[in-house]
Amino acid sequence: AQTIHQWPVAEIKAVGSPLSLGCTIKGKSSPNLYWYWQATGGTLQQLFYSITVGQVESVVQLNLSASRPKDDQFILSTEKLLLSHSGFYLCAWSRYEQYFGPGTRLTVL
Amino acid sequence: GDSVTQTEGPVTLSEGTSLTVNCSYETKQYPTLFWYVQYPGEGPQLLFKVPKANEKGSNRGFEATYNKEATSFHLQKASVQESDSAVYYCALRYSGGSNAKLTFGKGTKLSVKS
């Protein structure tokens, strides 16, 4: 069975500080991977997707970047956090349907 | 662009009553349609999908029919339980292209009281 793990579970960070969020998929080779952002009480917005190692496409510009250093790993990062980055970050994988991870709650103060 | 419109929440029901969450979409193609459910503090879970027009999807007592003519995909359940309290999202996806991008509705928060 496939499992998806996100880390950390939650982060509290200061405006202007760097950020790195991670996602690992086990039990599935060469999945398509996605990052989504969800404002508190809001809907899900796709940020990035990747169909293979080293290849990432941006869907929206939010002063964030993503990388896929390994087949089973997807990283979301920024060098400088903004207040607007607060929210719930979700990683997802797909073969045909998309399956979401447990998410990381980010609070920027 | 593509858009999905859902019943505005929150929706509060008593246990044993019926649920309908309306979902309509605008698109120039024939997408695959999904319902996802999200419990507090968790990622969304796929409830079910329907890839073809005029077919029905169902899971855990929930069901929805893909109505191509009306561009609708309403979620229904005959008798809700307290454990159904969650946020429900309608979503669509096109099969073409390398990005299987999901477009989500705004979500409908359901609270079921015992």
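First, a word on what this report is: a plain description of the structure on this page. Please read all numbers here as calculations on a predicted model, not as lab measurements. (Residues numbered from 1 in each chain as written. Chains lettered and ligands numbered in written order. Predicted model: local features only at pLDDT ≥ 70, side-chain atom pairs only at ≥ 80, totals over all residues. Heavy atoms only, no water.)

Further remarks concern the sheet that holds strand 3 (residues 19-26) of chain A. Residue and element names in this part refer to chain A. One open sheet accounts for 4 strands, arranged 1-3-8-7; its pairing is antiparallel. Two strands close off the open sheet at either side, each with one partner strand: strand 1 (3-7) and strand 7 (65-70). Looking at each pair of strands side by side, their axes are set apart by 20° on average, direction ignored. Sheet analysis places strand 7 next to strand 8 (residues 73-78), joined by 4 bridges and oriented antiparallel. (Pairing = 2+ DSSP bridges. Helix = DSSP H or I, 4+ residues; strand = E, 2+ residues; numbered from the N terminus. Axes fitted to C-alpha atoms, helices over the stretch in contact; angles between N-to-C directions.)

Okay, the nonpolar core next. Counting residues in each nonpolar core, the largest one holds 27 residues, and the members touching the most others are Trp35, Leu47, Phe48, Phe73, Leu75 and Tyr88 of chain B. Contributions of two or more residues to this core are made by strand 2 (11-14), strand 3 (19-21), strand 4 (23-26), strand 5 (32-38), strand 6 (45-50), strand 8 (62-65), strand 10 (86-93) and strand 12 (108-113) of chain B. Tallying contributions element by element places strand 10 of chain B first for this core, with 4 residues. When residues no more than four places from it in sequence are discounted, the contact partners of Leu47 of chain B are Trp35, Tyr36, Val37, Asn59, Arg60, Phe62, Leu75 and Tyr88 of chain B. Among the nonpolar cores identified, the runner-up in size contains 20 residues, and Leu21, Cys23, Leu81 and Tyr89 of chain A belong to it. (Core = buried A, V, L, I, M, F, W, Y, C linked by side-chain atoms within 4.5 Å. Buried < 20%, exposed > 50% of the residue type's maximum accessible area, 1.4 Å probe, protein only. Contact = heavy atoms within 4.5 Å.)

In this structure, the largest pocket occupies an estimated 560 Å³ of space. Lining the largest pocket are 29 residues, with Gly41 and Gly42 of chain A together with Val87, Tyr89 and Lys109 of chain B positioned closest to its centre. At the level of elements, strand 1 (3-6), strand 10 and strand 12 of chain B are the ones that each hand at least two residues to the lining of the largest pocket. Residue contributions to the lining of the largest pocket peak at 4 residues, all from strand 12 of chain B. Considering only residue class, the lining of the largest pocket consists of 10 nonpolar, 14 polar and 5 charged. (1 Å grid on protein atoms, 1.4 Å probe; cavity = no way out; pocket = protein on both sides within 12 Å on 5 of 7 lines; lining within 4 Å. Points joined across faces, edges and corners; volume = space filled by probe spheres on them. Nonpolar A, V, L, I, M, F, W, Y, C, P; charged D, E, K, R; others polar.)

Moving on: the interface of chain B and chain A. Taken together, the contacts link 19 residues of chain B with 20 residues of chain A. Between chain B and chain A, roughly 1500 Å² of surface is buried when both sides are summed, and carbon and sulfur atoms account for 52% of that area. At the boundary of chain B with chain A, the tally comes to 1 salt bridge. The partner of Glu97 of chain A in a salt bridge is Lys49 of chain B, and the shortest N-O contact between them spans 2.3 Å. Scanning the region where chain B abuts chain A turns up 6 residue pairs in polar contact (both at pLDDT 80 or more). Where the side of chain B that touches chain A is concerned, the elements lending two or more residues are strand 5, strand 6, strand 10 and strand 11 (102-104) of chain B. Take the side of chain B that touches chain A: its biggest share by element is 3 residues, from strand 5 of chain B. (Buried area = accessible area lost by both parts, 1.4 Å probe. Salt bridge = Lys/Arg side-chain N within 4 Å of Asp/Glu carboxyl O. Polar contact = N/O pair within 3.5 Å; in protein donor to acceptor, adjacent residues only side chain to side chain.)

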